[in-house]
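The lines below spell out each chain.
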Amino acid sequence: MPFLLPKIVTQENAMQLQKEGLLNSPSLQLIDCSALKDFDSTVLTVLLAWQKKLLSEGKSISIEHAPEKLKVLAGVYGVAVLLGL
């Protein structure tokens, strides 16, 4: 079952979301961004932390339904390849 990102991911909820995801690491192999509408670059921090955790377990994340803005941000920050975007 995929891990569904919330509609909003900003500095206000990023740390809580990161912790939530790390507690549910098996579901992080597939991250569904279909609800994600309002976000800033902190979402990349969350995704990278999850990717790091999974890589340490010999796994990786797969992101589906990524909004174009997320792809652009990942490209600007140079992490698109790391996140498979």
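Our subject is the structure listed above.
Remember, it's a predicted structure, so these values are computed and weren't measured experimentally.

**Q** Quick one: what's the story with the overall build of the protein, residue by residue and with numbers?
**A** Across its full length, the protein holds four helices and five strands. Taken from N to C terminus, the helices and strands of the protein fall in the order β-β-α-β-β-α-β-α-α. Along the first, second and third principal axes, the C-alpha set of the protein runs to 30 × 25 × 20 Å. Across the 85 residues in the protein, those meeting the buried criterion constitute 40%. Taking as baseline every contact in the protein between residues at least 6 positions apart, the subset at least 24 positions apart corresponds to 78%. In the structure as shown, the protein presents an accessible area of about 4900 Å², 58% of it carried by carbon and sulfur atoms. Each charge class in the protein was averaged separately, 8 positive and 8 negative side chains, and the resulting centres sit 4 Å apart.

**Q** Could you give me a rundown of the nonpolar core, with the residues and numbers involved?
**A** Membership of the largest hydrophobic core comes to 25 residues, with the highest contact counts inside it found for Leu5, Ile31, Val43, Leu47, Trp50 and Leu70. Elements with a minimum of two residues in this core: helix H1 (14–23), helix H2 (42–56), helix H3 (68–76) and helix H4 (80–83). Broken down by element, this core gets its largest block of residues, six residues, from H2. If sequence neighbours within four positions are ignored, Leu5 has contacts with Leu17, Ile31, Asp32, Cys33, Ala35, Leu36, Val43, Leu47 and Trp50.

**Q** Lay out H1 with the relevant residues and their values.
**A** Every buried residue of H1 is listed here: Ala14, Leu17, Gln18 and Gly21. End-on view of H1: buried residues confined to an arc of 100°, all on one side of the axis. Turned more than 90 degrees from where H1 packs its buried face, Met15, Gln16, Lys19 and Leu23 sit exposed. Along its buried surface, H1 packs onto strand E1 (3–4), strand E2 (8–9) and H2.

**Q** Could you give me a rundown of unusual backbone geometry, with the residues and numbers involved?
**A** You will see that His65, though not glycine, has its phi angle at about 60°, which is positive. Residue position: His65 is located in the loop between strand E5 (62–64) and H3. Exposure remark for His65: the relative accessible area of 52% places this residue in the exposed category.

About the cut-offs
- Residues numbered from 1 in each chain as written.
- Predicted model: local features only at pLDDT ≥ 70, side-chain atom pairs only at ≥ 80, totals over all residues.
- Heavy atoms only, no water.
- Helix = DSSP H or I, 4+ residues; strand = E, 2+ residues; numbered from the N terminus.
- Buried < 20%, exposed > 50% of the residue type's maximum accessible area, 1.4 Å probe, protein only.
- Contact = heavy atoms within 4.5 Å.
- Areas by Shrake-Rupley, 256 points an atom, 1.4 Å probe, with all protein chains shown as cover.
- Lys, Arg positive; Asp, Glu negative; His and termini not counted.
- Charge placed at Lys NZ, Arg CZ, Asp CG, Glu CD.
- Core = buried A, V, L, I, M, F, W, Y, C linked by side-chain atoms within 4.5 Å.
- Arc of directions from axis to C-beta.

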